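# Coordinate analysis (summary)
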Amino acid sequence: MSQERDAVLPEARHSVPAETTPPRPRGTERSVARRAELIAIGRRLFADISYDALSMDDIARHAGVAKGLIYYYFRSKRGYYLAIVEDSLEDLVAFAGSGRELPPVDRLHRTIEGYLRYAEHNQAAFRTIVSGGVGFDAQVHAIRDGVREAIVATIAEGAYGRATVAPAARMGLLSWVCGVEGATLDWIDRPELSRDTMRDLLVRTLGGALRAVEELDPSYPAPAPARREG
């Protein structure tokens, strides 16, 4: 998988309710490979083109297949799009789940770097996930919430040595994650900062969130790298 699709989230695929994933057709290895090929084509199409801007006819033409084949595997345009988004996030999950041998600070930098890369190279999909889709889309909201909780778990594990934390710690980290979403949306629209600068800025704002958590709940001390000297 390309590193351009890397990002965060340890067990996010388990955080999204099963019903959000369109049923996968049973069949031969060829049908499984064909479905994966269609998802790969869709990932490229939807990376920078919004959901509404592509019709099923457009998708079929780019894929070089009959429109009915896409309906056969995914039932609808929306089912196809959700399958593509979830496939992308599986890459993020795999990336975030690796690197556990790294020191916490290095893993944090790596995780945020991957998150920013994903947003940068999958802008349309990222906007859909963060905004929750057009109107209220329960399935896209579930995907977004799964992403958030997975990032919170990743940061908590690095900061406190465990993924499940008390309410104050969870809310402090969740507030930071929501801020990261908004800042990243603005950054991909106005990329005035380099990705390295953006990553370092987000890491530093996390330090502030960890110190605030410690003030509210001393049983969750901020790790040494987040402490101010003097």
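The residue numbering used here restarts from 1 in each chain and proceeds along that chain's sequence as written. Residue-level local features of this predicted model are given only where pLDDT is at least 70; pairs of side-chain atoms are given and counted only at 80 or more, and the full residue set underlies all totals for whole chains, interfaces and linings. To get the side-chain values, take all heavy atoms of the structure and skip hydrogens and water.

## Quick notes on the confidence of the model for the protein
As a per-residue measure, pLDDT tells how confident the predictor is, with possible values from 0 to 100. Per-residue pLDDT for the protein averages 81, and the proportion of residues at 70 or more is 82%. By the criteria applied, helices consist of DSSP H or I runs no shorter than four residues and strands consist of E runs no shorter than two, each listed in order from the N terminus. Here helix H1 (residues 12–15) stands out as the element of the protein with the lowest mean pLDDT, 41, in contrast to helix H10 (residues 195–216), whose mean of 96 is the highest. Residue range residues 1–21 is modelled with pLDDT below 50. Its contacts to residues more than four positions away, or to other chains, number 65 contacts. In what follows, a contact means two residues having at least one pair of non-hydrogen atoms within 4.5 Å.

## Comments concerning the pattern of salt bridges
The rule for a salt bridge is simple: a side-chain nitrogen of Lys or Arg has to be within 4 Å of a carboxyl oxygen of Asp or Glu. Tallying each qualifying case throughout the model produces 18 salt bridges. A salt bridge links Lys-67 to Asp-57; the shortest N-O distance between them is 3.0 Å. Here Asp-57 lies in helix H3 (residues 56–63) and Lys-67 lies in helix H4 (residues 67–74), a separation of ten residues in the sequence. Ionic pairing is found between Glu-113 and Arg-195, a salt bridge with its closest N-O pair at 2.9 Å. You can see Glu-113 sitting in helix H6 (residues 104–121) and its partner Arg-195 sitting in helix H10, a full 82 residues away along the chain. Relative accessibility under 20% of the residue-type maximum defines a buried residue, over 50% an exposed one, and the middle range a partly exposed one, all with a 1.4 Å probe and only protein chains included. Relative accessible area serves as the criterion here: at 14%, Glu-113 is assigned to the buried category. Bridged by salt links that share partners, the residues Glu-113, Arg-117, Glu-120, Arg-195, Asp-196, Arg-199 and Asp-200 form one connected network.

## Things to note about helix H9 (residues 167–189)
Between the first and last residue of a helix there are one fewer steps than residues, each counted as 1.5 Å, and that sum is the expected span. Relative to the 33 Å expected for 23 residues at 1.5 Å per residue, H9 spans 33 Å between its end C-alpha atoms, a close match to the ideal helical length. Looking at the buried residues of H9, the elements they touch are H6, helix H7 (123–131), helix H8 (138–160) and H10.

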